[in-house]
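Overview (structure and organization)
Given next are the chains, with one letter for each unit.
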Amino acid sequence: MDINIDEMKRLNPNNEPLTPEKLRELSGLDLSDEEAKEIIGSIRRFARVLCGFAVQQQLANHENKEDV
C-alpha cells in the first residue's frame, strides 16, 4: 500500500501538530487537557508502530522481488 502524500497534505495543509484543542475539535469529545495529551501520545506511539511495520513490509517485499 502506497501513501498518498497529496491526500495527507489536504488533511493537514500547514503540517500542524495535533493539540488538545484540535483533538477536541475533530473528535467532538469533552476531554480535559490531560486526557487529550494521553490520547495524542497514544496516537503517536501507534503511528510509530504502523510506520515501523510498513518499513518492514516494504523491505520484505523488496527482498521477495529480488529472489524471483
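The structure under discussion appears in the preceding block.
Residues numbered from 1 in each chain as written. Predicted model: local features only at pLDDT ≥ 70, side-chain atom pairs only at ≥ 80, totals over all residues. Heavy atoms only, no water.

What follows deals with the overall build of the protein chain. Helix and strand content of the protein chain: 3 helices and 0 strands. For the protein chain, the sequential pattern of α-helices and β-strands runs α-α-α. Since a compact globule built from 68 residues should have a radius of gyration of about 11 Å, the 17 Å found for the protein chain marks it as more spread out than a globular shape. Structurally, the protein chain occupies a C-alpha span of about 55 × 25 × 15 Å along its principal axes. By the burial criterion, 9% of the 68 residues in the protein chain qualify as buried. Total accessible area on the protein chain stands at roughly 6,300 Å², and carbon and sulfur atoms take up 55% of it. Charged side chains of the protein chain number 9 positive and 14 negative; the gap between the two group centres comes to 3 Å. (Helix = DSSP H or I, 4+ residues; strand = E, 2+ residues; numbered from the N terminus. Rg over C-alpha atoms; globule rule 2.2 N^0.38 Å. Buried < 20%, exposed > 50% of the residue type's maximum accessible area, 1.4 Å probe, protein only. Areas by Shrake-Rupley, 256 points an atom, 1.4 Å probe, with all protein chains shown as cover. Lys, Arg positive; Asp, Glu negative; His and termini not counted. Charge placed at Lys NZ, Arg CZ, Asp CG, Glu CD.)

On to the pattern of salt bridges, then. In a structure, side chains of opposite charge can pair up when their charged atoms sit close to one another. A full pass over the atoms with the stated rule returns 3 salt bridges. Between glutamate 21 and arginine 24 there is a salt bridge; the shortest N-O distance is 3.9 Å. Pair noted here: glutamate 21 and arginine 24 are both in helix α2 (residues 20-27), with a separation of 3 residues, about one helical turn. Across the salt bridge formed by lysine 22 and glutamate 25, the nearest N and O atoms sit 3.3 Å from each other. Here lysine 22 pairs with glutamate 25, and both are found in helix α2, just 3 residues apart, close to one helical turn. For lysine 22, a relative accessible area of 32% puts it in the partly exposed group. You can call glutamate 25 exposed: its relative accessible area is 57%. Sharing partners across several salt bridges, the network here consists of Glu21, Arg24 and Asp33. (Salt bridge = Lys/Arg side-chain N within 4 Å of Asp/Glu carboxyl O.)

Read these as geometric descriptors, not functional statements.
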